[in-house]
Amino acid sequence: MKKGFVYLVGAGPGRADLITVRGAEVLKAADCMIYDKLANPALLQFVSKDAEIIHVPKRIGEGSCTQDEINKVLVEKALAGKTVVRLKGGDPCIFGRVAEELAVLIEAGVDFEIVPGVTAAVAVSSYTGIMLTDREYSSQVTFVTGREAEGKEGTNIDWDVLARFPGTIVFYMGMGTLESTARSLIDNGKPADTPAAVIANATFPSQRVVRAPLERINETCEQQKIKPPAIVVIGAAAASDTRFDWFTKRPLFGRSIVMTRDAAGNADFAAKIIQRGGNPLEFETIRIKPLTDSNDFLRVLAKISQYDWVVFTSGNGVTTFFDALEKLGKDARVFAFAKIAAIGDKTADRLGEFGIKADFVPGVFTSRELGKQLIGFTNLQNKKILLLRSQLASNELVETLAGAGAEVDNVAVYTAISANSESGWLADGISKGTIDWLTFASPSSVDGFFEQFDSKAVNSSNAKVASIGPVTSERLKGLDVKVDVTAREHTLDGLLDSIEEQENKS
Ligand code: SAH
């Protein structure tokens, strides 16, 4: 039997792409992944589809796992010969109870590796510009826990020494005890006006920073309703130059933006929103349903090499097509000498993922333009053309190409069906005014969305509506939805550019 192995991996402070390269590599190799509350679930994207995923919410109270239970699962899975990844928030060795997990592994004879991660304090420093060290005023920094081991007699914290510590003091898990921490430090001689800062949800679009003198930091956090996870920074560093704060100055920082595409499309879009500092919220309106088991499809596939041109008009078409090929035990060689056209760079990129370099990529986003440009690019008289598209695509492209003398076969490889996602949270957000933008990237997501929502509820709320282009806007207007923004460039980046412009105006 294969020998089991355990990787204890630091997930980093929050934002998924702050995991290390080694951490991501190890996740890919996992047969079993055990992760806790602080590790970003988005990291599951790195894990193989066949891996077993175990979620261990280690909190105080009911429904949570004790450290003993976690230890037991770790050993059990490793002894069953699995490659186990134990994913922990931040760095595994900083307030991570790693020693306890290592002790049981050693006792059970299980080999292990520890992969470091960016610990919360360090990430807080980068994402706020609050420098933990500074050659002028902080030559030392200390990490302290606000919550000591349960049941431990006495305390390891020497408040007298800490109050006199001349550098930056950083508290982890310090929110529950912030008031008594501040009092103990002041009682032991730390000046009451020492700068303090609390940073919650660091590196996430929901990051919050509160600065106040030590004697008022707790009440300020209460007033501003700051919730854990949060880091407390005490010392001159907490008053550092606010111009260093680049993150909250991102153009869409803190804006809650609802994405209404299919799951894969939303994942793509989310990365772009995060890059601009926004908070992407996923509401899946449509699911892509492959139609590749139809006779039509199988028939054209058998003779696909006889076409002069095969045309893909969307990334979904490409993915569904290649998934079907794989299931049939075939690969890109089915195209033989057929030339391939892709509408827009996105579709071409997706083809690239499957090793295909498109012969023709017009930089346009509408079928009509594709038709015109293809006609300009090559003589289509008597040429055989295969379109692999959505069932919902219009007939315009077929007509344009046929008009130029081509023999066109149009085969639907997928369709969009309504996803019927859970909508309670979104209805709530829209009515409470916590949603800033609703975005629509296709008429079918408009239909899917307004099957579940009332246009009046949207029109009368604070949520603004953004559409990717005129066709989608028309569909919205047809349902009496007010459209605040129609993107000038009909891509996801164009959509976000237009939202930014609108935000700058208001
Ligand atoms: N091993 C982790 C720390 C675990 S203790 C690490 O290296 O970061 C949990 C504490 O970490 C929380 O109470 C909070 O103080 C801090 N923390 C973790 N993630 C955080 C985040 N995104 N923002 C602010 N504090 C965070």
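Just so it is clear, the model here is predicted, and its values are computed rather than measured.

Visitor: Explain the pattern of salt bridges to me, please; I cannot follow it from the model alone.
Guide: Note on pairing: side chains with opposite charge can pair once their charged atoms come close. Applying the stated criterion across every chain yields a total of 24 salt bridges. Between Glu-503 and Arg-255 there is a salt bridge whose closest N-O contact spans 2.8 Å. Taken together, the positions of Glu-503 in helix H18 (residues 492-505) and Arg-255 in the loop between strand E10 (230-234) and strand E11 (256-259) put the pair 248 residues apart, joining distant regions of the chain. Classification of Glu-503 by relative accessible area gives buried; the value is 12%. Salt bridges sharing common partners tie together Lys-272, Arg-276, Asp-493, Asp-497 and Glu-500.

Visitor: Just checking my understanding: could you explain a nonpolar patch on the surface for this structure?
Guide: Among the surface-exposed residues, Phe-95, Val-122, Val-141, Phe-143 and Met-173 lie close enough to one another that they form a single nonpolar patch of about 370 Å² accessible area. In this structure, Val-122 sits in helix H4 (residues 120-128). Take Val-122: its relative accessible area is 40%, and that puts it in the partly exposed class.

Visitor: Please clarify how the domain arrangement of the protein chain should be interpreted in this entry.
Guide: By convention, interface size is frequently given as the accessible area that disappears when the constituent parts associate. The domain architecture assigned to the protein chain consists of domain 1 (5-118), domain 2 (121-248), domain 3 (256-285 + 419-505) and domain 4 (290-416). Of note, the centres of domain 2 and domain 3, computed from C-alpha atoms alone, are 38 Å apart.

Visitor: Even after reading the chapter, I still don't get the environment of Phe-450, so can you show me in this structure?
Guide: The topology assignment puts Phe-450 in helix H15 (residues 443-452). Dropping the residues within four chain positions of it, Phe-450 is found in contact with Phe-440, Ser-455, Val-458, Leu-476, Leu-479 and Val-481.

Visitor: Can you help me understand the nonpolar core in this one?
Guide: Most often, soluble globular proteins have nonpolar side chains that are buried together. With 26 residues, the main nonpolar core has Ile-304, Val-310, Phe-312, Phe-321, Phe-335, Leu-351 and Leu-388 as its most contacted residues. For this core, the secondary-structure elements that each account for two or more residues are helix H9 (295-302), strand E14 (309-312), helix H10 (315-327), strand E15 (339-342), helix H11 (344-353), strand E16 (384-390) and strand E17 (407-418). Those residues in contact with Leu-388 that sit more than four places away from it in its chain are Phe-297, Val-310, Val-311, Phe-312, Thr-313, Phe-321, Val-411 and Val-413. Formed by 23 residues, the second largest nonpolar core is a distinct cluster that contains Ile-157, Met-175, Cys-221 and Ala-230.

Visitor: Hey, could you run me through the sheet that holds strand E18 (residues 437-440) in this one?
Guide: Each strand in a sheet pairs with its neighbour through backbone hydrogen bonds, running either in the same direction (parallel) or in the opposite one (antiparallel). The parallel open sheet is built from five strands, whose spatial order is E12-E11-E18-E19-E20. The sheet terminates laterally at strand E12 (279-282) and strand E20 (485-486), the two strands that pair on one side only. Together, E11, E12 and E18 form the strand contacts of helix H8 (residues 263-275), whose direction differs from that of E12 by roughly 170°.

Visitor: It is not clear to me how the pairing of strand E19 (residues 464-467) should be interpreted in this structure. Could you clarify?
Guide: In regular strands, side chains alternate between the two faces of the sheet. Note: E18 against E19, four bridges, orientation parallel. The residue bridging Trp-437 from the neighbouring strand is Lys-464, located in E19. The sheet contact formed by E19 and E20 spans two bridges and is parallel. Bridging across to E20, Ala-466 finds its partner in Val-485. With respect to chirality, the unit in which E19 leads through helix H17 (residues 470-478) into the neighbouring parallel E20 is right-handed.

Visitor: Whenever I open this one, the packing of H8 against H18 confuses me. Can you help?
Guide: When two helices pack together, their arrangement is given by the angle between their axes and by how far apart the axes lie. For the pair H8 and H18, the least separation of the axes is 10 Å and the interaxial angle reads 40°. Viewed along their axes, H8 and H18 form a crossing whose handedness is right-handed. Note on element contacts: H18 touches H8 through Leu-492, Asp-493, Leu-495 and Leu-496, opposite Phe-269, Lys-272 and Ile-273. Of the residues assigned to the contact of H8 with H18, the class counts are five nonpolar, no polar and two charged.

About the thresholds
Residues numbered from 1 in each chain as written. Predicted model: local features only at pLDDT ≥ 70, side-chain atom pairs only at ≥ 80, totals over all residues. Heavy atoms only, no water. Salt bridge = Lys/Arg side-chain N within 4 Å of Asp/Glu carboxyl O. Helix = DSSP H or I, 4+ residues; strand = E, 2+ residues; numbered from the N terminus. Buried < 20%, exposed > 50% of the residue type's maximum accessible area, 1.4 Å probe, protein only. Patch = residues over 30% accessible without salt bridge, like charges linked within 9 Å, V, L, I, M, F, W, Y side chains within 5 Å. Areas by Shrake-Rupley, 256 points an atom, 1.4 Å probe, with all protein chains shown as cover. Domains from an automatic or database assignment. Contact = heavy atoms within 4.5 Å. Core = buried A, V, L, I, M, F, W, Y, C linked by side-chain atoms within 4.5 Å. Pairing = 2+ DSSP bridges. Axes fitted to C-alpha atoms, helices over the stretch in contact; angles between N-to-C directions. Right-handed = clockwise from strand over helix to strand, strands pointing away. Left-handed = near helix turned anticlockwise from the far one by under 90°. Nonpolar A, V, L, I, M, F, W, Y, C, P; charged D, E, K, R; others polar.

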